[in-house]
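# Summary of structural features
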Amino acid sequence: MSLSGQFYVRPAAGELIRAVFAPEPDDRAILLGRLTDGSGMPVEDGAVLLFRDGMEQPELLGRTVTDRDGMFLFGPLESGILYVVKVFKNGLQERNLELKSV
């Protein structure tokens, strides 16, 4: 079992805030991963996609990019569900599109 919750804080200038927080129990999970190259070096700006595995067509649930340390995070995830993670980084070229309403 894990814990989850949230709270808000708006600090004032020069203020020291001490917070005690007791989140609610939660059965969900978090996926924290690191993308590396063949030599173990972190891969920055890698595309990472998270899918819920299905019998016919996996369902895209989320997408992110890796940070400078190759780290990525998805969550919360339902326990007991099979997920597929796909990563991409190799010679991707960026192209900007200008979209106009018709």
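Residues numbered from 1 in each chain as written. Predicted model: local features only at pLDDT ≥ 70, side-chain atom pairs only at ≥ 80, totals over all residues. Heavy atoms only, no water.

In terms of regular secondary structure, the chain is built from zero helices and seven strands. For the chain, the N- to C-terminal ordering of α and β elements is β-β-β-β-β-β-β. Counting all 102 residues of the chain, 16% fall into the buried class. Per element, the accessible surface of the chain, about 9,100 Å² overall, is 52% carbon and sulfur. (Helix = DSSP H or I, 4+ residues; strand = E, 2+ residues; numbered from the N terminus. Buried < 20%, exposed > 50% of the residue type's maximum accessible area, 1.4 Å probe, protein only. Areas by Shrake-Rupley, 256 points an atom, 1.4 Å probe, with all protein chains shown as cover.)

Turning our eyes to something else, we now look at a negative patch on the surface. Together, Glu44, Asp45, Asp67 and Asp69 make up a negatively charged patch on the protein surface. For Asp67, the location among the structural elements is in the loop between strand 5 (59-65) and strand 6 (71-77). Judged by its relative accessible area of 35%, Asp67 is partly exposed. (Patch = residues over 30% accessible without salt bridge, like charges linked within 9 Å, V, L, I, M, F, W, Y side chains within 5 Å. Salt bridge = Lys/Arg side-chain N within 4 Å of Asp/Glu carboxyl O. Lys, Arg positive; Asp, Glu negative; His and termini not counted. Charge placed at Lys NZ, Arg CZ, Asp CG, Glu CD.)

Now for the sheet that holds strand 7 (residues 83-88). Spatial strand order, 5-4-7: three strands in an open sheet with antiparallel pairing. At either end of the open sheet lies a strand with only one pairing partner, and these are strand 5 and strand 7. Put simply, the sheet's adjacent strands are angled 20 degrees from each other on average, direction ignored. In the sheet, strand 4 (residues 47-52) pairs with strand 5 via six bridges, with the strands oriented antiparallel. The residue bridging Ala47 from the neighbouring strand is Val65, located in strand 5. (Pairing = 2+ DSSP bridges. Axes fitted to C-alpha atoms, helices over the stretch in contact; angles between N-to-C directions.)

This part is about the confidence of the model for the chain. Mean pLDDT over the chain works out to 84, with 86% of the residues at or above the 70 mark. Ranking the helices and strands of the chain by mean pLDDT puts strand 5 first, with 93, and strand 1 (residues 2-4) last, with 59. (pLDDT = per-residue confidence, 0-100.)

Here the structure, examined in full by the defined rule, presents one salt bridge. Between Glu78 and Arg52 there is a salt bridge; the shortest N-O distance is 3.3 Å. With a gap of 26 residues between them, Glu78 in the loop between strand 6 and strand 7 and Arg52 in strand 4 connect regions that are remote in the sequence. Under the relative-accessibility criterion, Glu78 is labelled partly exposed at 43%.

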